[in-house]
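Structural description and commentary
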Amino acid sequence: MKRFLIFSVLVLIVSNTFASHISGGEMIYEYLGPGSLPNTKKYRITLKLFRDNDCVNCAGMPGVVRIGVFNNDNNSQVSSSPFDISLTSTSTVPVDPPPPCMINPPDLNYSIGIYSFTIDLPNNVNGYTGAYQTCCRITPIQNVNTVPPPGQGEGSTYVCTIPGSRTLPSGNNSSPQFRTLLVPICYNANFVFDFGAIDPDGDSLVYSYCNAYDRGVSINSTNVTPSSPPYQSVTYINGYSGSNPLGSAAVLNTNTGIISGNAPPVPGSYVVCVCINEYRNGVLIGNHRRDFILTVDNCSLASSKLDPFYRNCNDLTFNFSNNGGTANIQSYFWDFGDGNTSTVANPTYTYAAPGNYVVKLVVNRGLQCSDSATSPVKAFPGFFPDFEALGKCKNFSIQFNDKTTAAFGIVDNWKWNFGEPISPTNTSTLKNPTHSYPSANSYNVQFIVSSSVGCIDTIYKTIDILDQPPLSLQPKDTLICNIDTLQLNAVGAGSFLWTPNYMISDINVANPFVSPDVTTTYRVQLTDAFGCTGSDTIRVRVVNNVTQFAGGDTSICKTDPVTLQLTSDALHFLWTENPANNTLSNPTIKNPIVRPLVTTTYHVTGNIGKCVADDDIIITPVPYPLANAGPNSTICFGNSVQLNASGGSIYSWSPSAFLTATNIPNPRSVRPTDNVRYIVTVRDVKGCPKPVKDTVFVFVAKIKALLSPSDTSVVLGQPLQLGASGSINYSWSPTTWLDNPLIRNPISLPQNDITYTVRVSNNVGCFDDASIRVRVFRIKPDLLVPNAFTPNGDGNNDIFKPIPIGMKSVDIFRVYNRWGQMLYSGTGNGSGWDGKFAGKKQDMATYVWYAEGVDYLNNKLKRKGSVILIR
């Protein structure tokens, strides 16, 4: 019976598409006359949608849009709303052709879709709002986030606002209508784009940038009933905003609606929304808006662009360069405004005299693609701003003085920031102001100063405000002998006053002499030139004699340093040693460090002025114990070893693993299972209590004999390469048919079945044995393949594979089903088929196999046959 396996795959892909297609839009209204009912007016509401026809993977112009109309008196939807409006007409947006010198001019191909309907609206106070909401602007956009969470940001809401009696108490009105003419715009280049509008009623129009609206309730390209006003702004990114959609260099003329200036530096799409305030007889009667995505292309123009002004108040040298696009520029012509010119691209020019100049740049002078720009130049060197701050104390007025010098003009403008933002007096425009700081701290003072010829500069200084004027006092608290005199020294700027007036030479000088006979604390008060005061004290302790004790005689470990712990109230010290071996770190300090190698007597003399005392201490050095852990040893796995340490009186071994004891000099390591590093710590009781360590290694030899190949088969006459590993010495038995029984890899030429045993050993007598059984076939080399197998997982005959006899390698082994489909392919002597294909068990049947290999004589063998799979 034939079996046929029929596989069918059904793939269903469901996609909720966010169809990016809209490049901008505008909703207008037109007054058509009285409505069909009393107190109503008839309007035509028209939605204009723009689409970039060159947009890749963009949806087409919508066939039907849904427009809602809302009563602004109560924000309710007009009863007949929403309206599903079919596409009325489409047309191509006119394009102003690019100038012939533009490099890589864009191909602007936009269409406009018109959706129009009429509606009668009752007269009301606040008028009506028409709205259309859609999910998807084109992407990506450089100044607006286009991938926010659903329901926010990347879509559009287009509206018109029909005025009511509050803003239009009499008469009628139709909204302005923006002109539509596309122009190519190159990145970082000058451009002009007309966003102007025509008002059918002749009203005055005032233009401004404003925020574009987001998608509202729209979540995909399906039509939705728009939400009622108010509407939310899109999220602007990369430093742009609704009032700054193209950067600070692109300016909207509020009277004409023309955007001009320098385009953004990054090519791409930019959302621009322009709002119009509509005035009639000076009264605001309505507003209107258009949201459009301008394309800034990767094209370039020859253009001339300079800095707004050039100013140098250090010298007369200026570096000029063109800030506009450099493409297609064939020549430069610079006029520096003093009669001199240059034709280099980036001139460095030094004016002969200070003054005001106007620099002009003309690119491609006299050629078709010419452009020019001018900018004022102020050259007035010798302007050096500086200031000083007089005073240091908190809660006192700090005097700030302008120290600026100017070679030209006069310094006539000052702006101070005293670095204290929370203070109501933090700033000043006086030339020499004062400021009081309430707390001690460091303050960063900013000073902006300018002159009558236009020089301006900013400098910063950090001033430190203190609790009191700087004052230091020397010496610090000290002591003297009752027969001595001491000079005090106060350091500071101002006048001094010392108290008490007791045994002091002069209370109004910075450095008086004192000779108290009892302990006295002297205080000095400093008053600076600004009336700020500070004080400090010094305690002069008076003694009648010196007390001194060098400590008890002691011993140390030889070569160790020791600090002499002198107990003394002296002020000055002098140490000597006997014998003199120069072991003192510093003989004039109280606690020097010594390192004697022989028994040494140290003598110290201490004094307070004319009062003197002395004492001795004897230091005896004792050698360290001579720790010896004994020699390293190597043992066979399973054996033990005796350890022997010497050199001291007290012993401690670590680690404790395998040891019979850890606190004796000669423990035994009993049958360690691996190499062990033993550390013995040795101490003695001769006067040097410090421990000394030594290390001994016990190496455990683990011999594991390894053989290759495993039990194997050869044909008569086939050499067999044996291989053993595990140590350094090898001995094979029996030696029959071996070329060398004492090497790790002898060659055998067996004539009959035989079992070889190898003993692997090291030089200390550790060994291990392993055996290999060799079966000899008296046939030619061949690939023996069974004719049936049972892949049932019982461990017997589960794998179908060739048995190589006398073969060097099996290079190909493949299995096919009856239709010629290959089910298995493998190489190597151990590879075989488990009766599965793609993880599925194959049916019980007859299968075809094919094998290739190379015998030990390098002859290539090819074999094929069939096998029965039994389950």
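Residues numbered from 1 in each chain as written. Predicted model: local features only at pLDDT ≥ 70, side-chain atom pairs only at ≥ 80, totals over all residues. Heavy atoms only, no water.

As for the overall build of the protein chain
Note the cut-off: Helix and strand assignments come from DSSP, with helices taken as H or I runs of at least 4 residues and strands as E runs of at least 2, each series counted from the N terminus. What the globule rule says is 2.2 Å times the number of residues to the power 0.38, and the radius of gyration is computed from C-alpha atoms. Only protein chains enter the accessibility calculation, which uses a 1.4 Å probe. A residue is then buried if its area is under 20% of the maximum for its type, exposed if over 50%, and partly exposed in between. The criterion used for residue contact is that any of the two residues' heavy atoms lie within 4.5 Å.
The helix and strand tally for the protein chain stands at 0 helices and 72 strands. A compact globule built from 871 residues would reach a C-alpha radius of gyration of about 29 Å, whereas the protein chain, at 51 Å, exceeds it by more than 25%. Residue burial in the protein chain is summarised as follows: out of 871 residues, 42% are buried. Residue pairs in contact within the protein chain that sit at least 24 positions apart in sequence constitute 62% of those at least 6 positions apart.

Quick look at empty space enclosed by the protein
To find leftover empty space, one rolls a probe the size of a water molecule over the atoms. Defined as follows: Here a cavity denotes grid points, spaced 1 Å and computed from the protein atoms alone, that fit a 1.4 Å probe unable to get out, and a pocket denotes an open set having protein on both sides within 12 Å along at least 5 of 7 lines; residues with an atom within 4 Å of a point are the lining. Grid points are joined across faces, edges and corners, and a volume is the space filled by probe spheres set on the points. The classification used treats Ala, Val, Leu, Ile, Met, Phe, Trp, Tyr, Cys and Pro as nonpolar, Asp, Glu, Lys and Arg as charged, and all other residues, Gly among them, as polar.
According to the stated counting rule, one finds 3 cavities of 30 Å³ or more in the structure shown. Roughly 50 Å³ of volume is contained in the largest cavity. If you trace the largest cavity, you find it lined by Leu 108, Tyr 110, Leu 182, Val 183, Ile 185, Phe 193, Phe 292, Leu 294 and Thr 295. Ranked by residue count, the leading element in the lining of the largest cavity is strand β17 (residues 283–296), at 3 residues. Looking at the second largest cavity, the residues that line it are Arg 179, Thr 180, Leu 181, Leu 182, Phe 193, Asp 194, Arg 290 and Phe 292. Only β11 (190–194) and β17 provide two or more residues apiece to the lining of the second largest cavity. Partitioned by chemical class, the residues of the lining of the second largest cavity number 4 nonpolar, 1 polar and 3 charged.

A look at the sheet that holds strand β67 (residues 807–816)
Note the cut-off: In short, DSSP must find at least two bridges between two strands for them to pair.
Judged by pairing direction, the sheet is mixed, and its 5 strands sit side by side in the order β65-β72-β71-β67-β68 without closing on themselves. Taken across any chain shown, the strands that pair with only one partner, and hence form the sheet edges, are β65 (788–789) and β68 (822–826). With 9 bridges connecting them, strand β71 (residues 846–855) and strand β72 (residues 860–869) associate as antiparallel partners. Each residue of the ladder has a partner; that of Tyr 850, found in β72, is Lys 864.

Concerning the sheet that holds β11
Under the convention used in this document: In this analysis an axis means a line fitted to C-alpha atoms, helices contributing only their contacting stretch, and an angle means the value between N-to-C directions, from 0 to 180 degrees.
Strand order in the open sheet made by the 3 strands is β11-β15-β14, with antiparallel pairing throughout. For this open sheet the edge positions go to β11 and β14 (250–252), each flanked by a neighbour on one side alone. If you compare each strand with its neighbour and ignore which way they point, the axes differ by 15 degrees on average. Across 3 bridges, the pairing between β14 and strand β15 (residues 258–262) is antiparallel. Of the residues in β15, the one forming a bridge with Ala 250 is Gly 261.

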